[in-house]
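Structure assessment
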Amino acid sequence: MARILIIRFSALGDVAMTVPVIHSLAVQYPQHEITVLSRSVWQPLFQELPENVSFVGADLTGKHKGFWGLNSLYSELKAMQFDYVADFHHVLRSRYLCLRFRLANVLVASICKGRAGKQKLVRRHHKVMENQKSSFRRYADVLEKLGLPVLLNFSSIYGEGKGNFAEIEPVTGPKGRQKWIGIAPFAKHTGKIYPLELQEQVVAHFAADPTVKVFLFGGGKKEQEVFDTWIAKYPSIVSMIGKLNMRTELNLMSHLDVMLSMDSANMHLASLVNIPVVSIWGATHPYAGFMGWKQLPINTVQLDLPCRPCSVYGQKPCWRGDYACLRNITPEQVIGKIERIK
């Protein structure tokens, strides 16, 4: 038996992308103990994993903050006597922890992020439109360096089934014969958000269909205000803000027929419960390696523009100034993709 530590602190989408890899590792190496180190808030992502997976929450704004906090975290981890450390993040914090483990003669491997290939993809001139290695593959490569090759054969955190419906029914009501569509219209950066006035047309279309029930996913004050405005106009839709926690939200997603998402965390969460996702891509591109687990390219909505992609993460301002990559996508294109699945 060996003890394996896997480090990935943030962001939510990237942490979610570790799940298919860690699940595959746990199933294929049942004799090993696997510990995931991440921000405490992401623990629900790992609750349905095999029994040989445990979770350690890092309090990076409290007791594990700063240099002394990291030393304290290392002391706690050292006491757990790990044989291998897999750094899925390779940022200052994780690199420091790995240095301490190396000095203690623990076998360590870190992710190669493939920055050069991604830069060629997003540069303004002479782009090289090559599909980069997915994050899933990059995570698996770290394990292979440690002598733990993994066949990525994950399907869902619920195995072949879905989440326990009785747990969410008081909030969602019975499903019956309606098709359930999740819509997650937000992302961290403007370059990844389909304009809300166009998104509203998609919402209005499905709100008017009695055979469909629409659930809105998001969080935060601004998003709540947008949802409240939409609900006032289209009373049949349901906002999930504040109604479920992350664990029960994953449960609900497993009962959806399709999710509409940006290139954002909700695409990855829905992917973890084996639900088809229609994803909208603007400044970013699936070629950068962040497509949802087992999601099909045919279900993406994106335009061929010479400036796309201009950013790996969507945070750069549009150099054209008009976000044509998003604004020129018609609501009909999005609706068509969803109709084909549901």
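Higher on the page you've got the structure.
Residues numbered from 1 in each chain as written. Predicted model: local features only at pLDDT ≥ 70, side-chain atom pairs only at ≥ 80, totals over all residues. Heavy atoms only, no water.

1. Section: the pattern of salt bridges
Applying the stated criterion across every chain yields a total of 13 salt bridges. Notably, a salt bridge pairs Glu-197 with Arg-327, separated by 2.8 Å at the nearest N-O pair. Here the residue Glu-197 occupies a position in helix 8 (residues 196–207), and Arg-327 occupies one in helix 12 (residues 324–327), the gap between them amounting to 130 residues. Residue class for Glu-197 comes out partly exposed when judged on its relative accessible area of 43%. One continuous salt-bridge network, built from bridges that share partners, spans Lys-133, Arg-137, Asp-141 and Glu-144. (Salt bridge = Lys/Arg side-chain N within 4 Å of Asp/Glu carboxyl O. Helix = DSSP H or I, 4+ residues; strand = E, 2+ residues; numbered from the N terminus. Buried < 20%, exposed > 50% of the residue type's maximum accessible area, 1.4 Å probe, protein only.)

2. Re unusual backbone geometry
Cis geometry marks the peptide bond from Ser-10 to Ala-11, where omega comes out at -5°. Along the chain, Ala-11 turns up in the loop between strand 1 (3–7) and helix 1 (12–16). The step from Arg-308 to Pro-309 runs through a cis peptide bond, and the omega angle for that step is -15°. Among the structural elements, Pro-309 can be located in the loop between strand 11 (300–301) and helix 12. Positioned with a positive phi, Asn-274 is a non-glycine residue whose angle comes to about 60°. Note on placement: Asn-274 falls in the loop between helix 11 (265–272) and strand 10 (277–280).

3. A few points about the sheet that holds strand 6 (residues 179–184)
Taken in spatial order, the 6 strands of this open sheet run 8-7-6-9-10-11, and their pairing is parallel. Edge strands, defined here as strands with exactly one partner in the open sheet, are strand 8 (238–239) and strand 11. Strand contacts of helix 11: strand 6, strand 9 (258–262) and strand 10, with the helix running at about 155° to strand 9, the strand carrying the most contacts. (Pairing = 2+ DSSP bridges. Contact = heavy atoms within 4.5 Å. Axes fitted to C-alpha atoms, helices over the stretch in contact; angles between N-to-C directions.)

In short, geometric facts, not functional conclusions.
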